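Each chain, letter by letter, is given below.
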Amino acid sequence: MSDTALLWRQYRLERRMFWRNPSAAFFNFLLPLLFLALFGAIFSSSQSELDVIVPGIASLSVMSTTFSALAFNMTFLREQGILKRVRGTPLPSTIYLGGIALSAVTNTVIQVAIITISGKLFFGVAWPQEWFELIVFVAAGVICFASLGVALSHFIPNFESAPAYVNAIFLPVIFISGVFYDSDTAPAFLLDIAQILPLKHLIDGLSGAMVTGVGLSDNLGSLAVIGLWAAAGIALAVRGFSWESRRS
Amino acid sequence: MMADARRTNRVGCGQYRQDPETPLPGDLGMIASVTSDAAIEVRGLRKVYGDIEAVRGIDFTVRRGEIFGLLGPNGAGKTTTVEVLEGYRDASAGDVCVLGYDPARRERALRERVGIVLQSCGVYRHVSVREVLTHWAGLYPHPRDVQEVIELTGLGEKADARTRQLSGGQLRRLDLALALIGDPELIFLDEPTTGFDPAARRSAWNTIRSLKALGKTVLLTTHYLDEAQELCDRVAIIKGGEIIAEGAPSELGVGGEIRYKVAYRNGSGELTSQETDDPTTVLFELTRGALDRGERLEELSVTRPSLEDVYLELTADE
């Protein structure tokens, strides 16, 4: 079987397993949509607020489907010994991990699509103006947050503690970065922190693509910050990668 | 000189695989001819973790088509040794050769010919036994039939159950099924029957014997001495990272000689026993004396030491 066929098989198995675990699928898709519905309702009188919320939640989806999902997933697979078992088969490691990553990216694409459509249908946000910019930023965000999620999994000692580790990063980052409000109105020191982190720049890019029409050429700085985090994430994910959980 | 021989052995290992007809010069040729019927060769293997030396220079050879057992107490270095052979760990020193490959290089061609049952290892949860076996079969160039492997490992009734609904013993049988699905030449079994009830163990033993009948090579680690005695052609006993005895289970003795135990109830009704390496003479003198005195030797028995006796004696802490 060719490597492409192997990748396709692995991807299909990952998708099947994802849909057969309804609680995981439910949270994966429903949480961002719940946020969208709630904040949409709260800010329903103000179009300018809605214009902030929709790209903000789209960015949150990118982060939750890659960073959080892969940090959980890799911790689980490592602790269960599934990574080790696969390592003993002829399946090339890159194809196996590629199948897992593609499955995560599929969730990202589905969610961003749902949010974009909901934004248009329910919240009066226009169709994205800069499609190419949208694709570039989602792709950059996926690479950045997926590699950071895998890198984080190296530091999580066991699956029980995974939610604590993931949420200790995920929750502060989404609040600081302005998922739910325009971060430019936040106190200066919070804005300074947000400027260093990748999520704010993803929100700026998606906001430009979906709402304001600020083009890619004006958001290159944001793309560069995401790129730097992606480089660090990839280096950490590859360097520290372990096929087995640490034993004392 | 010794180091030289080891290095050339590694070269010979690779060369032999590619060109079996070419004779190799000198003692190198001798090593290669040994290699030809060896599935696994281990020479001077050491493995150090930090300042702990888990494996302290061991040598053994597993011939093609045999069931070879590695026995030893917990922490003796069995699993470390097997994991080096499986390609999970690099050796700190020494040479290992598995089916003509260096496992540390993790070549796909080697992994296609080897099946592995790890000690404790999870499996995909939200798929059925049949689905996971079918998926696994697709990873190998010449897999066995999925249904046949399901029957062979006694998973017929659970074939369409999700793996997370299986009991511990059934999961262990799935481990074995996953190791066999690629129709490997060499199978590593790390404590394959732990947690089995006696009937399941018997049936697993039959499966393992059937592998031997197919000409497969099996490297087995186990805590159960009856399992080793039942299945293995040869065993090596590891203690403290060193091999302290090696041979056929029935021929293993302490200090190279077999101590028979002769026991009987004497004239005053006491159970007496004595150990000897010459049971013929002992029995002759015992029975002659008894006949002369007109006694019967009640409950007379001669027993060879079981693998368990040998094992306990060898692994006892002084």
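Residues numbered from 1 in each chain as written. Chains lettered and ligands numbered in written order. Predicted model: local features only at pLDDT ≥ 70, side-chain atom pairs only at ≥ 80, totals over all residues.

Participant: For this particular structure, what's the right way to read helix α7 (residues 162-176) of chain A?
Facilitator: Residue pairs three or four apart in sequence face the same way in an α-helix, which turns once every 3.6 residues. Residues and elements named next belong to chain A. Over its 15 residues, α7 extends 22 Å from the first C-alpha to the last, a length consistent with the 21 Å expected when each residue adds 1.5 Å. Restricting attention to buried positions, one finds in α7 the residues Ala162, Val166, Phe170, Ile174 and Ile176. Contacts made by the buried residues of α7 are with α3 (47-80), α8 (188-196) and α9 (198-212). Gly178, located one to two residues past α7, shows a positive phi value of around 85°. (Helix = DSSP H or I, 4+ residues; strand = E, 2+ residues; numbered from the N terminus. Expected span 1.5 Å × (residues − 1). Buried ≥ 20, exposed ≤ 12 C-beta atoms within 10 Å, placed from the backbone. Contact = placed C-beta atoms within 7 Å.)

Participant: How do you make sense of the interface of chain A and chain B when you look at a structure like this?
Facilitator: Note on interface size: it is often stated as the accessible area lost on association of the parts. Each side of the interface is counted separately: chain A has 17 residues, and chain B has 18 residues. Only α1 (3-19) and α4 (82-87) of chain A provide two or more residues apiece to the side of chain A that touches chain B. Per-element accounting of the side of chain A that touches chain B gives the leading share, four residues, to α1(A). Per-class residue counts for the side of chain A that touches chain B are seven nonpolar, five polar and five charged. (Nonpolar A, V, L, I, M, F, W, Y, C, P; charged D, E, K, R; others polar.)

Participant: How should I be thinking about the nonpolar core in this particular structure?
Facilitator: Nonpolar side chains in soluble globular proteins generally cluster together in the buried interior. Among the nonpolar cores identified, the biggest contains 132 residues, and Val54(A), Ile57(A), Ala71(A), Leu133(B), Ala177(B), Phe188(B) and Leu219(B) are the most heavily contacted of them. It is α3(A) that contributes the most residues to this core, 16 residues altogether. The contacts of Ala177(B), once residues within four sequence positions are left out, are Leu133(B), Val149(B), Ile150(B), Thr153(B) and Leu155(B). (Core = buried A, V, L, I, M, F, W, Y, C linked by C-beta atoms within 7 Å.)

Participant: Before we go on, may I ask you to explain the packing of helix α2 (residues 22-42) of chain A against helix α5 (residues 93-122) of chain A in this structure?
Facilitator: Residues and elements named next belong to chain A. Their axes nearest at 10 Å, the elements α2 and α5 cross at an angle of 20°. Viewed along their axes, α2 and α5 adopt a mutual orientation that is roughly parallel. By crossing handedness, the relation of α2 to α5 is classed as right-handed. Residues Asn28, Phe29, Pro32, Leu33, Leu36 and Gly40 of α2 form the contact with α5, whose own contacting residues are Asn107, Gln111, Ile114, Ile115, Ser118 and Phe122. Partitioning the contact of α2 with α5 into residue classes produces seven nonpolar, five polar and no charged. (Axes fitted to C-alpha atoms, helices over the stretch in contact; angles between N-to-C directions. Parallel < 35°, antiparallel > 145°, perpendicular 65-115°, else oblique. Left-handed = near helix turned anticlockwise from the far one by under 90°.)

Participant: Explanation requested: unusual backbone geometry in the structure shown.
Facilitator: Residues and elements named next belong to chain B. Even without glycine at this site, Arg106 takes up a positive phi of about 50°. Mapped onto the elements of the fold, Arg106 is located in the loop between β4 (93-98) and α4 (108-111). Not every positive phi belongs to a glycine, and Glu299 is a case in point at roughly 60°. Checked against the element boundaries, Glu299 lands in strand β12 (residues 298-303).

Participant: Where do I start with the sheet that holds strand β2 (residues 52-63) of chain B in this structure?
Facilitator: Two pairing modes exist for strands in a sheet, parallel and antiparallel, and in both the strands are linked by backbone hydrogen bonds. Residues and elements named next belong to chain B. Taken in spatial order, the three strands make up an open sheet running β2-β1-β4, and their pairing is antiparallel. If you trace the sheet from one side to the other, it starts and ends with β2 and β4, each paired once. Adjacent strand axes in the sheet meet at a mean angle of 15°, parallel and antiparallel pairs treated alike. As paired elements, strand β1 (residues 38-49) and β4 share five bridges and run antiparallel to each other. (Pairing = 2+ DSSP bridges.)

Participant: Just to check I follow, could you spell out the environment of Gln274(B) for this structure?
Facilitator: Residue and element names in this part refer to chain B. Mapped onto the secondary structure, Gln274 falls in strand β11 (residues 271-276). Taking the C-alpha atoms as reference points, Gln274 and Tyr260, 14 residues apart in sequence, are found 8.3 Å from one another. In contact with Gln274, not counting residues within four places along its chain, are Val262 and Val282.

Participant: Would you mind going over the sheet that holds strand β3 (residues 67-71) of chain B with me for this structure?
Facilitator: All names here are of chain B. Judged by pairing direction, the sheet is mixed, and its six strands sit side by side in the order β5-β6-β7-β3-β8-β9 without closing on themselves. Edge positions in the open sheet fall to β5 (114-117) and β9 (242-247), since each of these has one partner strand only. Across the sheet, the mean angle separating the axes of adjacent strands is 15° when strand polarity is ignored. Here four bridges tie β5 to strand β6 (residues 186-190), and the two strands are oriented parallel to one another. Within the sheet, the bridge partner assigned to Ile116 lies in β6 and is Phe188.

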